[in-house]
Amino acid sequence: MKRQKRDRFQRAYIHGYKAGVSGRSRDDCPSQDVNLREYWMSGWREGRGDQWAGMTGVSGIHKNPMVM
């Protein structure tokens, strides 16, 4: 049985979240497409907020978008 690919907007959000939590700059967004960039930035903002709130490592496992 084939696995269905994830939505590319969801993937952009997850990659943005990971970049935000790891402290990377928002200028590291790999996409030039406006819609994908918007989702990536949304994930980055949430990840950055979680990093500032101290939800990194084991503390933030419940916030990981891959788990949800």
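For clarity, every value in this text was computed on a predicted model and none was experimentally measured.

J.: Explain the pattern of salt bridges to me, please; I cannot follow it from the model alone.
T.: One side chain can pair with another of opposite charge once the charged atoms of both are near each other. Tallying each qualifying case throughout the model produces two salt bridges. One salt bridge connects Asp 33 with Arg 8, and the closest N-O pair in it is separated by 3.7 Å. On the criterion of sequence distance, the pair formed by Asp 33 in the loop between helix 1 (8-21) and helix 2 (34-52) and Arg 8 in helix 1 is long-range, its members being 25 residues apart. Relative accessible area serves as the criterion here: at 31%, Asp 33 is assigned to the partly exposed category. With a closest N to O distance of 3.5 Å, Asp 28 and Arg 24 form a salt bridge. Classification of Asp 28 as partly exposed rests on a relative accessible area of 36%. Residue class for Arg 24 comes out partly exposed when judged on its relative accessible area of 39%.

J.: Explain the packing of aromatic side chains to me, please; I cannot follow it from the model alone.
T.: The geometry of an aromatic ring pair is captured by two quantities: the separation of the ring centres and the angle between the planes. Using the criterion set out here, one finds one aromatic pair in the structure. Across the ring face of Phe 9, the terminal group of Arg 8 is positioned such that the distance to the ring centre comes to 5.5 Å.

Conventions used here
Residues numbered from 1 in each chain as written. Predicted model: local features only at pLDDT ≥ 70, side-chain atom pairs only at ≥ 80, totals over all residues. Heavy atoms only, no water. Salt bridge = Lys/Arg side-chain N within 4 Å of Asp/Glu carboxyl O. Helix = DSSP H or I, 4+ residues; strand = E, 2+ residues; numbered from the N terminus. Buried < 20%, exposed > 50% of the residue type's maximum accessible area, 1.4 Å probe, protein only. Phe/Tyr/Trp six-rings, centres within 6.5 Å; stacked < 30°, edge-to-face > 60°. Lys NZ or Arg CZ within 6 Å of the ring centre and 35° of its normal.

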